[in-house]
Amino acid sequence: MASPFYQVIQGNFVIVGKEPDGDSVRFIANNSKLYRTLKRSFRIKPSNVDKSVQLRFEGIDAPELHYGAAVQPLGKEARDQLLDWMGFTNIKFTGNKVTASDPEQIPGAILSVAAETNGRPVSYVLLDAKKLDDGQWIKVDDALLKRTLNFRLLEEGLAYYTAYTSAPLSHREFLRQVASEARDKKLGVWGEDRTSEFVLIDQKSISPPDGQLILSKLFRRCTDYLKAVEKGFRGNLGDWLISTEGSSRMENDRVVVMDVMELKLSDLLEQRNSRIAFQADLLDIVFVEK
């Protein structure tokens with residue numbers, strides 16, 4: 001069972017010259033040696049320019065702002081609100097890249113226990129962390145979770161609840177309830193979500209200005225599937241997910257439903273022509289960490 005103890009790493013969040021989105025910013029640790037104690041630390045590769053690393057926010061997945069060239073509805077809104085909460089003002093963009101902000105850096109801390117396969121520390125993000133010691137391992141309870149930006153994004157419906165088996169059960173249960181309350185109020189993504197049944201004809205089907213909003217992870221899988229179709233793949237989304245098994249980029253994620261049944265993402269999809277139904281409650285699924 002995953003431990004609720006996470007390491008405190010103090011530092012600064014930076015956005016100038018970067019492309020932040022609604023659930024990820026770059027972070028410069030005061031002491032980058034602390035990364036060595038994280039699981040899969042060998043995958044963390046700080047930038048040669050400023051020693052920053054890209055974070056993955058634990059427990060959430062905001063609508064995509066730049067998955068390659070692909071964008072989701074509410075992606076920009078999630079990013080802009082996150083940066084505002086962090087305290088960045090007078091932000092100037094060229095495309096999705098920040099060219100100026102006031103200030104250029106914001107102090108804070110991350111709580112992390114591991115990096116994911118792409119080398120991003122999986123993190124709870126804190127702005128007010130002065131009373132926490134750099135390098136300290138601390139039990140992350142409900143009270144501390146409420147101080148994180150992860151919690152705030154879920155509470156306001158700016159991100160989907162997206163949990164992995166690597167997260168402690170107590171965290172998953174708490175964050176799931178937060179997301180459930182946001183869904184009951186139809187806040188943010190929950191007012192527009194169409195994951196349970198949506199039409200997929202082309203990329204416009206799931207992109208602004210008129211496309212449907214679906215779970216961000218499923219959006220990424222659909223986007224990659226559509227690219228495969230353009231290259232000649234013949235089959236539906238489920239067929240394509242199955243076809244990726246055994247490849248270097250296996251996209252048919254393993255999913256635990258209601259904490260009792262392990263399936264694959266393709267098992268949860270039913271497709272008739274261009275209409276796709278997702279056959280599970282989004283708050284009842286947990287992805288198996290790769």
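Everything that follows concerns the structure shown earlier in this document.
A few points on the structure. None of these values were measured; they are calculated from a predicted model.

1. Structural notes on the overall build of the protein chain
Then comes step 1: Helix and strand counts for the protein chain come out as 6 helices and 18 strands.
Then comes step 2: In terms of overall dimensions, the protein chain is globule-like: its C-alpha atoms have a radius of gyration of 19 Å, near the 19 Å expected for 290 residues.
Then comes step 3: Taken over the C-alpha atoms alone, the protein chain extends approximately 55 × 45 × 40 Å along its principal axes.
Then comes step 4: Burial status across the protein chain gives 53% buried among its 290 residues.
Then comes step 5: For the protein chain, the proportion of contacts with a sequence separation of at least 24, taken over those separated by at least 6, is 65%.

2. A closer look at the sheet that holds strand β13 (residues 197-199)
One key point about sheets: their strands pair by backbone hydrogen bonds, in either a parallel or an antiparallel sense.
Then comes step 1: Strand order across the open sheet formed by 3 strands is β13-β17-β16, with antiparallel pairing between neighbours. The open sheet has two free edges, formed respectively by β13 and β16 (269-272), since each of these has just one partner strand. Across this sheet, the average inter-strand angle for adjacent strands is 20 degrees, counted without regard to direction.
Then comes step 2: For β16 and strand β17 (residues 275-278), the ladder comprises 4 bridges, and the chain directions are antiparallel. Each bridged residue has a counterpart across the sheet, and for Glu270 the counterpart in β17 is Ala277.

3. Looking at a nonpolar patch on the surface
Then comes step 1: Together, Met258, Val260 and Met261 line one region of the surface with nonpolar side chains, adding up to about 350 Å² of accessible area.
Then comes step 2: Along the chain, Val260 turns up in the loop between β14 (254-257) and β15 (261-264).
Then comes step 3: Classification of Val260 by relative accessible area gives exposed; the value is 70%.

4. Looking at the pattern of salt bridges
Then comes step 1: Scanning the entire structure with this criterion turns up 20 salt bridges.
Then comes step 2: Taking the shortest distance from any N to any O, the salt bridge between Arg221 and Glu251 comes out at 3.2 Å. Taken together, the residues Arg221 in helix α5 (residues 216-230) and Glu251 in the loop between α6 (237-243) and β14 connect sequence positions 30 residues apart. Side by side, Arg221 and Glu251 carry an identical accessibility label, which is buried.
Then comes step 3: Salt bridges sharing common partners tie together Lys217, Arg221, Asp224, Arg249, Glu251, Asp253 and Lys290.

5. What about a negative patch on the surface?
Then comes step 1: Together, Glu155, Glu156, Glu181 and Asp184 line one region of the surface with negative charge.
Then comes step 2: In this fold, Glu181 is placed in helix α4 (residues 169-184).
Then comes step 3: Assessed through its relative accessible area of 40%, Glu181 is described here as partly exposed.

6. What about the packing of aromatic side chains?
Then comes step 1: Taken as a whole and judged by the stated rule, the model has 7 aromatic pairs.
Then comes step 2: Residues Phe13 and Phe27 carry aromatic rings whose centres are separated by 5.1 Å and whose planes lie at 50 degrees to one another, so their mutual orientation is tilted. Residue Phe13 is located in strand β1 (residues 5-14), and its partner Phe27 is located in strand β2 (residues 26-29); the two are separated by 14 residues in the primary sequence.
Then comes step 3: Ring centres of Tyr164 and Phe287 lie 5.9 Å apart, and the angle between their planes is 40 degrees; this geometry places the pair in the tilted category. Of this pair, Tyr164 sits in strand β12 (residues 163-164) while Phe287 sits in strand β18 (residues 285-287), and the two are 123 residues apart along the sequence. As far as burial versus exposure is concerned, Tyr164 and Phe287 are alike and both buried.
Then comes step 4: Here the aromatic cluster, defined as three or more aromatic residues joined through ring pairs, consists of Tyr225, Phe233 and Trp240.
Then comes step 5: Lying over the aromatic face of Phe93, Arg79 brings its terminal NZ or CZ to 4.0 Å of the ring centre.

7. Considering the sheet that holds β15
Then comes step 1: The strand order across the open sheet built from 4 strands is β12-β18-β14-β15, with neighbouring strands paired in mixed fashion. Both outer strands of the open sheet, β12 and β15, are each paired with one neighbouring strand and no more.
Then comes step 2: Pairing geometry for β14 and β18, over 3 bridges, is antiparallel. Pairing of Val256 across the sheet is with Val286, part of β18.

How each quantity is defined
Residues numbered from 1 in each chain as written. Predicted model: local features only at pLDDT ≥ 70, side-chain atom pairs only at ≥ 80, totals over all residues. Heavy atoms only, no water. Helix = DSSP H or I, 4+ residues; strand = E, 2+ residues; numbered from the N terminus. Rg over C-alpha atoms; globule rule 2.2 N^0.38 Å. Buried < 20%, exposed > 50% of the residue type's maximum accessible area, 1.4 Å probe, protein only. Contact = heavy atoms within 4.5 Å. Pairing = 2+ DSSP bridges. Axes fitted to C-alpha atoms, helices over the stretch in contact; angles between N-to-C directions. Patch = residues over 30% accessible without salt bridge, like charges linked within 9 Å, V, L, I, M, F, W, Y side chains within 5 Å. Areas by Shrake-Rupley, 256 points an atom, 1.4 Å probe, with all protein chains shown as cover. Salt bridge = Lys/Arg side-chain N within 4 Å of Asp/Glu carboxyl O. Lys, Arg positive; Asp, Glu negative; His and termini not counted. Charge placed at Lys NZ, Arg CZ, Asp CG, Glu CD. Phe/Tyr/Trp six-rings, centres within 6.5 Å; stacked < 30°, edge-to-face > 60°. Lys NZ or Arg CZ within 6 Å of the ring centre and 35° of its normal.

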